[in-house]
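# Examination of the molecular architecture
Listed below are the residues making up each chain.
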Amino acid sequence: MIAIGCDHAAVNLKKAVMTHLDEKGIEYIDLGTDGEPCDYPVMAKAVAEKITSGACERGILLCGTGIGMSIAANKVPGIRAAVCSDCFSTRYTRLHNDANILCMGERVIGQGLALELVDIFLETGFEGGRHQRRVDLIRDMEA
Ligand code: RB5
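Values in this document were obtained by computation on a predicted structure and should not be read as measured data.

### Brief notes about the pattern of salt bridges
For the structure shown, the criterion picks out seven salt bridges. Close ionic contact of Glu57 with Arg58 constitutes a salt bridge, the shortest N to O distance being 3.5 Å. Look at Glu57 and you get exposed, because its relative accessible area is 54%. Linking Arg80 and Asp98 is a salt bridge whose minimum nitrogen-to-oxygen distance equals 3.3 Å. Pair noted here: Arg80 is in the loop between α3 (67–73) and β4 (81–83) and Asp98 is in the loop between α4 (87–95) and β5 (101–105), with a separation of 18 residues, a long-range link. What makes Arg80 buried here is its relative accessible area of 12%. Where salt bridges share partners, they join Lys24, Asp119 and Glu123 into one cluster.

Given below as structure tokens:
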């Protein structure tokens, strides 16, 4: 199960991502917004807590740049949110960082690329090994 959220700057991209997930038969929970002006930290917290509670495996957060969402989501212990706008970074934030939230900016990348990044993010596993030790060190910093 995927948790998805956006602010008013990324409603169109969220709709495109949800249609893409529908076509792939991937289940998700949409935590808003549907278009009303809102404050991105509210959606970031809602999506982050779906993951830390275990209700969802991963999340997708969308705003104008993706940056505000990532800053806010990363305040929640256990969250590793990565802003991505290229395939390489998206693949490696899964392989090496075990990122659990993908953040993207509707004002930064086109829909075609964004949907490709969603696929990479959801299909790429964590490498573990030496990278697990580094993720554990990040967890230690949260304690
Ligand atoms: C909203 O105007 C914009 O600030 C927001 O979507 C995001 O880009 C913040 O990081």
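Right, picking up where we left off after that structure.
### Some words on the site of the ligand
Around the ligand, the structure places Asp7, His8, Ala9, Tyr40, Cys63, Gly64, Thr65, Gly68 and Arg107. Between the ligand and the protein, one listed contact pairs an oxygen atom with a side-chain N or O atom of Asp7 at 2.6 Å. In the model, an oxygen atom of the ligand is placed 3.0 Å from a nitrogen or oxygen of the Thr65 main chain. When the ligand sits alone it has 290 Å² of accessible area, and the protein chains cover 71% of it.

### A look at the packing of aromatic side chains
In this structure the tally under the stated criterion is one aromatic pair. Centre to centre, the rings of Phe88 and Tyr92 are 4.5 Å apart; their planes meet at 25°, and the pair counts as stacked. Residue Phe88 and its partner Tyr92 are located together in helix α4, separated by four residues, close to a single helical turn. You can call Phe88 exposed: its relative accessible area is 56%. The ring centre of Phe121 lies 5.7 Å from the NZ or CZ of Arg58, which sits over that ring.

### Quick word on the nonpolar core
The biggest cluster of nonpolar side chains holds 23 residues, and the ones touching the most others in it are Val17, Ile60, Leu62, Leu102, Met104 and Val118. Elements with a contribution of two residues or more to this core: β1 (2–6), α1 (11–24), β3 (58–63), β5 and α5 (111–123). Per-element tally for this core: the top contributor is α5, with six residues. Sequence-distant contacts of Leu62, defined by excluding residues within four places in its chain, comprise Gly5, Cys6, Asp7, Ala10, Leu13, Lys14, Val17, Met69 and Met104. In this structure, Met43, Ala48, Cys63 and Val76 belong to the second largest nonpolar core, which totals 18 residues.

Each value, and the rule that gives it
- Residues numbered from 1 in each chain as written.
- Predicted model: local features only at pLDDT ≥ 70, side-chain atom pairs only at ≥ 80, totals over all residues.
- Heavy atoms only, no water.
- Salt bridge = Lys/Arg side-chain N within 4 Å of Asp/Glu carboxyl O.
- Buried < 20%, exposed > 50% of the residue type's maximum accessible area, 1.4 Å probe, protein only.
- Helix = DSSP H or I, 4+ residues; strand = E, 2+ residues; numbered from the N terminus.
- Near = heavy atom within 4 Å.
- Polar contact = N/O pair within 3.5 Å; in protein donor to acceptor, adjacent residues only side chain to side chain.
- Areas by Shrake-Rupley, 256 points an atom, 1.4 Å probe, with all protein chains shown as cover.
- Phe/Tyr/Trp six-rings, centres within 6.5 Å; stacked < 30°, edge-to-face > 60°.
- Lys NZ or Arg CZ within 6 Å of the ring centre and 35° of its normal.
- Core = buried A, V, L, I, M, F, W, Y, C linked by side-chain atoms within 4.5 Å.
- Contact = heavy atoms within 4.5 Å.

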